[in-house]
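This is what each chain is made of:
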Amino acid sequence: DVEAAAERLERRPRGPLPAWEGPLEERFCERVQAAEGSLSRVASRAAAAVDVLDYLDRQGLSRDLVAAPHSLLARLPWPQELRLHRRAVQDGDLAGITVAFAGIAETGSLLLLSGPETPTPLNFLVDDLICLLPAARLLPYPEDAWDLIRSEVGSLPRAVNLITGPSRTADVEQTIQLGAHGPRRLHVILLQDSEG
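Because the structure is a prediction, the values reported are computed rather than measured.

How each quantity is defined
Residues numbered from 1 in each chain as written. Predicted model: local features only at pLDDT ≥ 70, side-chain atom pairs only at ≥ 80, totals over all residues. Heavy atoms only, no water. Helix = DSSP H or I, 4+ residues; strand = E, 2+ residues; numbered from the N terminus. Buried < 20%, exposed > 50% of the residue type's maximum accessible area, 1.4 Å probe, protein only. Contact = heavy atoms within 4.5 Å. Areas by Shrake-Rupley, 256 points an atom, 1.4 Å probe, with all protein chains shown as cover. Arc of directions from axis to C-beta. 1 Å grid on protein atoms, 1.4 Å probe; cavity = no way out; pocket = protein on both sides within 12 Å on 5 of 7 lines; lining within 4 Å. Points joined across faces, edges and corners; volume = space filled by probe spheres on them. Nonpolar A, V, L, I, M, F, W, Y, C, P; charged D, E, K, R; others polar. Expected span 1.5 Å × (residues − 1). Patch = residues over 30% accessible without salt bridge, like charges linked within 9 Å, V, L, I, M, F, W, Y side chains within 5 Å. Salt bridge = Lys/Arg side-chain N within 4 Å of Asp/Glu carboxyl O. Pairing = 2+ DSSP bridges. Polar contact = N/O pair within 3.5 Å; in protein donor to acceptor, adjacent residues only side chain to side chain. Core = buried A, V, L, I, M, F, W, Y, C linked by side-chain atoms within 4.5 Å. Axes fitted to C-alpha atoms, helices over the stretch in contact; angles between N-to-C directions.

Colleague: How would you explain the overall build of the protein if you had to name every residue and give the values?
Modeller: Broken down by element type, the protein carries six helices and twelve strands. Looking at the protein as a whole, 45% of its 196 residues are labelled buried. In the protein, 72% of the contacts between residues at least 6 apart in sequence involve partners at least 24 apart. By element, 50% of the accessible surface of the protein is carried by carbon and sulfur atoms, the whole surface being about 10,600 Å².

Colleague: Quick one: what's the story with helix α6 (residues 142-152), residue by residue and with numbers?
Modeller: Listed as buried for α6 are Asp 144, Ala 145, Leu 148 and Ile 149. Within α6, the buried residues cover an arc of 145° as seen down the axis, which keeps them to one side. Looking at the packing, one finds that the buried side of α6 touches β5 (102-104), β6 (109-113), β8 (138-139) and β9 (160-163). Residue Gly 154 follows α6 closely and has a positive phi angle near 90°.

Colleague: Now, about the layout of surface pockets: what can you tell me, with residues and values included?
Modeller: By volume, the largest pocket is sized at about 330 Å³. In terms of lining residues, the largest pocket is bounded by 17 residues, among which His 70, Val 99, Ala 100, Phe 101 and Glu 117 are the most central. When its residues are assigned to classes, the lining of the largest pocket shows eight nonpolar, six polar and three charged.

Colleague: Account for helix α3 (residues 45-58), with residues named and values stated.
Modeller: Residue pairs spaced three or four apart in an α-helix point in one direction, given the helix's 3.6 residues per turn. With 14 residues, α3 should cover 20 Å at 1.5 Å per step; its first-to-last C-alpha distance of 20 Å lies within 8% of that length. When α3 is considered as a whole, its buried residues turn out to be Arg 45, Ala 48, Ala 49, Asp 51, Val 52, Leu 53, Tyr 55 and Leu 56. Tucked into the core, α3 has its buried residues touching β1 (38-42), β2 (64-67), α4 (71-74), β4 (95-99), β7 (128-134) and β12 (185-191). Once α3 finishes, Gly 60 follows within two positions and takes phi at roughly 70°, a positive value.

Colleague: Provide a residue-level description of a nonpolar patch on the surface, including the pertinent values.
Modeller: A contiguous nonpolar surface patch, about 290 Å² in accessible area, is contributed by Trp 146, Leu 156 and Leu 162. The residue Leu 162 is located in strand β9 in this model.

Colleague: Please give an account of the sheet that holds β8 that cites residues and values.
Modeller: Within a sheet, each strand pairs with its neighbour through backbone hydrogen bonds, oriented either parallel or antiparallel. The strand order β8-β5-β6-β9 describes an open sheet built from four strands, whose pairing is mixed. Each edge of the open sheet carries a strand with a single partner, namely β8 and β9. Of the pairings in the sheet, the one linking β5 to β8 comprises two bridges and is parallel in character. Across the sheet, residue Gly 103 finds its bridge partner in β8, namely Leu 138.

Colleague: Tell me about the side chain of His 70, and name the residues and values.
Modeller: Examined against the element boundaries, His 70 turns out to sit in the loop between β2 and α4. Contact partners of His 70, with chain neighbours within four places excluded, come to Val 99, Glu 117 and Thr 118.

Colleague: Residues and numbers for the environment of Asp 128, please.
Modeller: Of note, Asp 128 is situated in strand β7. For the pair Asp 128 and Leu 186, spaced 58 residues apart in sequence, the C-alpha to C-alpha distance is 6.0 Å. Those residues in contact with Asp 128 that lie beyond four places of it in its chain are Tyr 55, Gln 59, Leu 61, Leu 94, Ala 95, Gly 96 and Arg 185. At 2.5 Å, the side chain of Asp 128 and the side chain of Tyr 55 are in polar contact.

Colleague: Give a description of the nonpolar core that names residues and reports values.
Modeller: Grouped together as the largest cluster of nonpolar side chains are 46 residues, with contacts concentrated most on Phe 28, Val 52, Trp 78, Leu 110 and Leu 132. The biggest single contributor to this core is α3, with six residues. Ignoring any residue separated from it by four or fewer positions in sequence, one finds Trp 78 in contact with Ala 49, Val 52, Leu 65, Leu 73, Leu 84, Arg 86 and Ile 97. Of all hydrophobic cores here, the second largest spans nine residues; its members include Phe 101, Ala 102, Leu 113 and Ile 149.

Colleague: Can you explain the sheet that holds β12? Please cite residues and give values.
Modeller: Strand order in the open sheet formed by six strands is β1-β12-β7-β4-β2-β3, with parallel pairing between adjacent strands. The open sheet has two edge strands, β1 and β3 (83-85), and neither has a second partner. Going from strand to strand, the sheet's axes swing by 25° on average, the running direction of each strand aside. Two strands pair when backbone bridges link them, and β2 and β3 are joined in this way by three bridges, in the parallel orientation. If you follow Asp 64 over to β3, its bridge partner there is Arg 83. Lying on the sheet, helix α2 (residues 24-34) is in contact with β1, β7 and β12; it crosses β1 at an angle near 150°. Sitting on the sheet, α3 touches β1, β2, β4, β7 and β12, and the angle it makes with β12 is about 160°.

Now the structure itself:
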């Protein structure tokens with residue numbers, strides 16, 4: 001019974017949470033960088049679009065980018081020199097951009113939900129993943145993310161992905177290898193614009 005499950009979730013007390021101090025945004029940025037992700041803070045959608053171009057240039061990538069069909073990305077004033085592809089990711093695509101549902105300050109993780117506006121393959125099939133996150137969507141703990149999903153989305157989507165930094169493994173001779181199961185690089189753009 002869905003109602004009984006919801007009632008049980010509301011009654012159940014949370015377990016102990018790790019203590020940390022300071023603003024959510026500072027903690028999130030620190031944790032993203034500790035996980036070897038890169039991060040930019042931008043004040044507007046126009047600045048976010050420019051940051052995407054700057055990131056591609058810094059990495060020596062072409063100015064081709066696969067974009068999730070998210071409404072926030074559709075509202076960005078993209079520079080003309082950027083070739084934006086609004087389609088499913090394909091073999092050979094090197095960079096993509098999507099929008100996170102939320103960010104978790106405790107761990108520097110991005111919470112990505114599968115759906116028509118945010119297709120899951122884009123999160124894992126490009127070498128460079130750029131993720132736009134409105135600063136208003138920062139949460140303190142992972143538990144808060146599940147509460148937000150229940151309150152805003154209702155039922156769980158088909159996939160919920162928590163991404164913390166670039167993909168890595170140490171399975172081969174215990175040497176860290178980046179890009180084993182997903183992007184080699186993760187760049188987060190934290191958007192301060194309250195209109196998101």
